Amino acid sequence: MGDEYKEALLEKKHKYHHEGCPGCKVEQMKQLRRGYPYLELSFVWIIVLSTSLPISSLYPFLYYMIEDFGVAKTEKDIGFYAGFIACSFMLGRALTSVFWGIVADRYGRKPIILLGTISIAIFNALFGLSLNFWMAIGTRFLLGSFNCLLGTMKAYASEIFRDEYQATAMSAVSTAWGIGLIIGPALGGFLAQPADKYPNVFSKDSIFGRFRYALPCFTISAFALFVTVLCCFIPETLHNHKQDNTSHDDSYEILESAPRESTGKNEKASKGSLLKNWPLMSSIIVYCVLCLHDTAYSEIFALWANSPRKYGGLSYSTNDVGTVLAISGLGLFSFQVFVYPFAERLLGPVRVTRFAGALMIPIQMSYPFIANLSGLSLSLLLNCASILINVLSVSAITGLLILQNKAVDQSQRGAANGIAMTAMSLFKTVGPAGAGILFSWSERRLNATFLPGSHMVFFFLNVIVVVGVALTFKPFLTTVRR
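Residues numbered from 1 in each chain as written. Predicted model: local features only at pLDDT ≥ 70, side-chain atom pairs only at ≥ 80, totals over all residues. Heavy atoms only, no water.

1. A look at the overall build of the protein chain
At step 1: Secondary structure assignment for the protein chain yields 22 helices and 0 strands.
At step 2: Across the protein chain, every contact between residues at least 6 apart in sequence was considered, and the portion connecting residues at least 24 apart equals 81%.
At step 3: When the accessible area of the protein chain is evaluated, it comes to approximately 20,400 Å², of which 66% is carbon and sulfur surface. (Helix = DSSP H or I, 4+ residues; strand = E, 2+ residues; numbered from the N terminus. Contact = heavy atoms within 4.5 Å. Areas by Shrake-Rupley, 256 points an atom, 1.4 Å probe, with all protein chains shown as cover.)

2. Focus on empty space enclosed by the protein
At step 1: Taken as a whole and assessed by the stated rule, the structure comprises 6 cavities of 30 Å³ or more.
At step 2: Roughly 180 Å³ of internal volume is contained in the largest cavity.
At step 3: Surrounding the largest cavity, 17 residues form its lining, Leu181, Ile182, Asp294, Ser298 and Asn390 being those nearest its centre.
At step 4: Only α9 (166–191), α15 (278–306) and α20 (375–406) provide two or more residues apiece to the lining of the largest cavity.
At step 5: Examining the composition of the lining of the largest cavity, we find that 6 residues originate from one element, α9, more than from any other.
At step 6: Residues belonging to the lining of the largest cavity are distributed by class as follows: 11 nonpolar, 5 polar and 1 charged.
At step 7: Computed from the structure, the second largest cavity encloses a volume of approximately 80 Å³.
At step 8: Taken together, 13 residues line the second largest cavity, and the ones lying closest to its centre are Ser97, Cys148, Gly151, Thr152 and Met421. (1 Å grid on protein atoms, 1.4 Å probe; cavity = no way out; pocket = protein on both sides within 12 Å on 5 of 7 lines; lining within 4 Å. Points joined across faces, edges and corners; volume = space filled by probe spheres on them. Nonpolar A, V, L, I, M, F, W, Y, C, P; charged D, E, K, R; others polar.)

3. A short note on the nonpolar core
At step 1: Among the nonpolar cores identified, the biggest contains 126 residues, and Val44, Ile47, Ile85, Tyr287, Trp304, Tyr367 and Leu382 are the most heavily contacted of them.
At step 2: Not counting the four nearest positions on each side in its chain, Ile47 is found in contact with Ile113, Leu149, Met153, Val227, Cys231 and Ile234.
At step 3: Leu191, Phe202, Phe211 and Ala214 belong to the second largest nonpolar core, which has 6 residues in total. (Core = buried A, V, L, I, M, F, W, Y, C linked by side-chain atoms within 4.5 Å. Buried < 20%, exposed > 50% of the residue type's maximum accessible area, 1.4 Å probe, protein only.)

4. Some points on the layout of surface pockets
At step 1: Roughly 290 Å³ of volume is contained in the second largest pocket.
At step 2: Lining the second largest pocket are 14 residues, with Tyr36, Leu41, Thr168, Ala172 and Val337 positioned closest to its centre.
At step 3: Broken down by secondary-structure element, the contributors of at least two residues to the lining of the second largest pocket are α3 (38–56), α9, α16 (318–338) and α17 (340–347).
At step 4: Per-element accounting of the lining of the second largest pocket gives the leading share, 4 residues, to α9.
At step 5: A breakdown of the residues in the lining of the second largest pocket according to their chemical character gives 8 nonpolar, 5 polar and 1 charged.

5. Some points on a nonpolar patch on the surface
At step 1: Among the surface-exposed residues, Trp441, Phe459, Phe460, Val463 and Val467 lie close enough to one another that they form a single nonpolar patch of about 430 Å² accessible area.
At step 2: Considering every element that reaches the nonpolar patch, the biggest residue donor is helix α22 (residues 454–470), with 4 residues.
At step 3: In this structure, Val463 sits in helix α22.
At step 4: What makes Val463 partly exposed here is its relative accessible area of 35%. (Patch = residues over 30% accessible without salt bridge, like charges linked within 9 Å, V, L, I, M, F, W, Y side chains within 5 Å. Salt bridge = Lys/Arg side-chain N within 4 Å of Asp/Glu carboxyl O.)

6. Let's talk about the packing of helix α18 (residues 349–365) against α20
At step 1: It is the contact of α18 with α20, at a shortest axis distance of 8 Å, that shows an interaxial angle of 155°. One element, α18, and the other, α20, form an angle in the roughly antiparallel class. In this structure, α18 meets α20 at a crossing whose hand is left-handed. The segment α18 lies against α20, with Pro349, Val350, Val352, Thr353, Ala356, Leu359, Met360, Ile363 and Gln364 engaging Ala385, Leu388, Ile389, Leu392, Ser393, Ser395, Ala396, Gly399, Leu400 and Leu403. (Axes fitted to C-alpha atoms, helices over the stretch in contact; angles between N-to-C directions. Parallel < 35°, antiparallel > 145°, perpendicular 65-115°, else oblique. Left-handed = near helix turned anticlockwise from the far one by under 90°.)

Here's what the structure looks like:
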């Protein structure tokens, strides 16, 4: 009976297959393919990695870059200026994400992906050549404005994989994104100021001696060029015709709708106005809150680790920060590849988000106390805490990516992810600027009675997490099951 069902369904799909439609070719490929989709997973992973690397690669050296620009009057003001450079990227992305999503829905995913990887290669290299504070802000703003990859790749990943691999697809997106946000700073930490660290390789008179932060930016740009070449070989997933085949045959509609468990109301919402689609909008809001925490944490961790011991920091060098983040990236990769898909099937995306958020709170509370340690105990506890926070943060966000793509049809998926990217970018614009200002303020209240120094910074991070977890409960968050 099951084989007859599959054959009937496949026969109907072939009947309404449109010759020359790239989306139909992908649907046929998905029906005929057997086995684990290693190739598609690799493409998705490497493309998302290329777009996430430049976002946070500047954090380990941003403290020193601001110092070199000479705009900060005192050491305590560095965090204030650092926040504006960090948030300029997110502001640019917030202004253009919906536009790129609409373009992806109209002209296809592949052209937008190619545009995104090329823009990373150009504008990230220019950022590495920044001569002053305003040039750094301008190049980061342009990098964000043309950073159209993440929303498009979320739509692409949901379309290139079969239904049983949807959790794997979204896990690949969030894992590559999270690892990029960790490996990026690791590269920034190891490769910044190369003439000072590796004088036998890079002389003071070389381009990397004059532009002390160009090497990590050039490295990421070279990787983006390599990814651009690979993207020429990926298939397009967007259909170039109206997907109205279900209206021609009632039996086909019955076959397609039989496994679905969503309500008629939610089905209509998924095809109407995206802003009125509450399952989509509620998941986007929770996603934005948790992304605000993620970006604020990334900047605060780097600033806190770089800041002197007398201000409650660790006095870490860029290499030290890079080492911690590289170890965290390895832990995150292992967890998301081998554990997350099983956890998502066992608990569901919403419960995973709740548990991950709840576990982050006590770990973040421990950071100011970890700063009082030294030697092996400091390294051990700091690395464990960093791994856990990154694993839990990415796991919480992954579940929300799954909910967003389930809430809409393919014809609206690019625009839906564009809305998510715009909203998330607005939150992330506030995140670095707010984190920089908050961190600078915390260093001025080391002797306060209530939450002195870095205690205040990590307290605010926990408040954001609590809000995010609270919003995952009904009646706020509603879901559509497809």
